[in-house]
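# Survey of secondary and tertiary structure
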Amino acid sequence: MANRLQGSCPEEDRKVMFESEDAFVDRRRRDKRTSTDHISMLPDELLVFILSLLTLRESVATSLLSRRWRYLWTLMPKLDFDAKKSLLKVEMAENGKLVTDEEKSTKYIQWVDHVIALHKSCAIEDFRVCFNFSKPYEKYIDNWVNYALARKVKRLELSLTYKGYDSLFPPSDDIYTFPYHFLPTYKENCSNDSQSHCMKQCNSMHFKFLEKISMHSVSVSGEALEFFLSNCPLLQHLYVYESKDLSCLKIIGPLPSLKRLEIISCDNLNSFEIRDATLVYLNYSGKSLQQFLLKNVPLLVEIKISGDIEMKDILLMFSSILPQLEKFNYRLNSLLCWEVTGMFYSAVKMSNLKQLRLRLIFDDSLLPLTNMLRTSPCLETFVLEIFFARKFRKRELENVEGSYAHLKEVKIRGYCGSIGNLEFVMHLSESAGALEKIVIDPRKPSDFNAYLTNYSRHKDKYLRRVQKARAQAKKQLLGILPPRINLQIL
């Protein structure tokens, strides 16, 4: 070929080249005419399933592909109106409340209403609203809840605020209230003029299909929650966050489907009773309650406790179920000391516990935590999260006795390289003969880390501290731990 081209003139070379390009273009045109869109030939059910793997905005965008795809998204069984990205751009008013741009609220409402108007599926599996809404917008939210319930929704989530770090933004008194007139029992309180309207709405509700109810910054009463529990036979998961109307809650079985219950930051809650239930997981964050009862919950194997709950409160409120737990997650608010953990050790024996996760405010000396580990002879995984590091001070390493025969994995998040951090890691490496893995993470716990990296004006300073702590961990621990232990410094 090279010899032939060497003997040919430039005009002939260009002729051969252009003929090849023309042949290539013709071949592409023939391929286009004969090619088949195999994906579009799939049945609607399969295409809708593919769309359900996308976000709602992405799935709606597929309507531009072709006539075949134009209305497929309207058959999707999942409607997730998540506006978190736009909600990250917030401003702090002088009164400290979280405010959003009115124009964004209007656009969000138009977006939801437009999708609902075009949506054709007669059944919905997931319906989720995520935006910073308050009481003035209740008529729109009521309509959306009505729409979802009328279409036999399985999982209903109203997340009406987005906060990077919750404790920095106190709950508003102007939060949305769940529409009680949707509940059949509300008809007794309806006026004669509105009773027929209430009955019409109640008849259109399909509460019995609900499997999960999640209400974040939604005010709902204990009576309404008890209605859900009594009239939703498939309800497996109930989540309530920042409800100012919740003062008394009774969960009394039999409730064969209910497995997960989460009651968080409901500051007006004064009485809480769980009896004869098949709960597997309980998450409670709030104040200590004198009127608190856990009775006959044999399947409850995992609890998460935070808020204003001291160690002595745990013994008062949860002592009856601590021995049966397999997973225990607790945020310790009081200062860590031998007296407090010693009281816990002398009163509790968690023989079935496999996973222990503790969150501390300060990290001066971590050795008192050994009492918590000693209460759990079968413990396999221990996770420690530290929010703040005390100012470094020089002192000698302390040592205590302990033996943790089944402990295999340890993770410490918020490690800063202090003496207290180092001596605790060394103690575990020497006292846990089965220990296989230690993970050191210098970042703060995930929720606080999100605030520091997304909102805080001290972001750069925080990241420098993380980098310094990471270097300190490598200097302290690399080559020091026994070879059997896999050390990971994140």
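Preceding this section is the structure that the text describes.
## Focus: helix 15 (residues 459–477)
With 19 residues, helix 15 ought to run about 27 Å at 1.5 Å a step, and its terminal C-alpha atoms sit 27 Å apart, in line with that. When helix 15 is considered as a whole, its buried residues turn out to be Y462, V466, A469, A473, Q476 and L477. Viewed along the axis of helix 15, the buried residues span an arc of 95 degrees, placing them on a single side of the element. Turned more than 90 degrees off the buried face of helix 15, the exposed positions are D460, R464, Q467, K468 and K475.

## Thoughts on the pattern of salt bridges
In total, this model carries 13 salt bridges according to the counting rule given. For D126, the salt bridge identified is with R155, shortest N-O distance 2.7 Å. With a gap of 29 residues between them, D126 in strand 4 (residues 126–130) and R155 in strand 5 (residues 155–159) connect regions that are remote in the sequence. Residue R155 is classed as partly exposed on the basis of its relative accessible area, which comes to 26%. When salt bridges that share partners are traced, they join D80, D82, R128 and E157 into one network.

## Some points on the environment of C378
Among the secondary structure elements, C378 is positioned in the loop between helix 12 (370–374) and strand 18 (381–386). Along the chain, C378 and L353 lie 25 residues apart, while their C-alpha atoms are 6.2 Å from each other. Ignoring sequence-local partners within four residues, the contact set of C378 consists of S351, L353, K354 and H406.

## Describing the sheet that holds strand 14 (residues 291–295)
Overall, parallel pairing links the three strands, which are arranged 10-12-14 in an open sheet. Only two strands of the sheet have a single neighbouring strand rather than two, namely strand 10 (248–252) and strand 14. Ignoring strand direction, the axes of neighbouring strands in this sheet form an average angle of 5 degrees.

## A closer look at a positive patch on the surface
Taken together, the side chains of K461, R464, R465 and K468 make up a positively charged region of the molecular surface. Along the polypeptide, R465 turns up in helix 15.

## Overview of the nonpolar core
Among the nonpolar cores identified, the biggest contains 123 residues, and F127, F228, F272, F318, F328 and F382 are the most heavily contacted of them. In contact with F318, other than residues within four places in its own chain, are L282, F292, L294, I303, I305 and D313.

## Let's talk about the environment of K312
Within the secondary structure, K312 sits in helix 10 (residues 311–318). Measuring from C-alpha to C-alpha, the distance between K312 and M343 comes to 8.1 Å, with 31 residues separating the pair along the chain.

So, how was this worked out
Residues numbered from 1 in each chain as written. Predicted model: local features only at pLDDT ≥ 70, side-chain atom pairs only at ≥ 80, totals over all residues. Heavy atoms only, no water. Helix = DSSP H or I, 4+ residues; strand = E, 2+ residues; numbered from the N terminus. Expected span 1.5 Å × (residues − 1). Buried < 20%, exposed > 50% of the residue type's maximum accessible area, 1.4 Å probe, protein only. Arc of directions from axis to C-beta. Salt bridge = Lys/Arg side-chain N within 4 Å of Asp/Glu carboxyl O. Contact = heavy atoms within 4.5 Å. Pairing = 2+ DSSP bridges. Axes fitted to C-alpha atoms, helices over the stretch in contact; angles between N-to-C directions. Patch = residues over 30% accessible without salt bridge, like charges linked within 9 Å, V, L, I, M, F, W, Y side chains within 5 Å. Areas by Shrake-Rupley, 256 points an atom, 1.4 Å probe, with all protein chains shown as cover. Lys, Arg positive; Asp, Glu negative; His and termini not counted. Charge placed at Lys NZ, Arg CZ, Asp CG, Glu CD. Core = buried A, V, L, I, M, F, W, Y, C linked by side-chain atoms within 4.5 Å.

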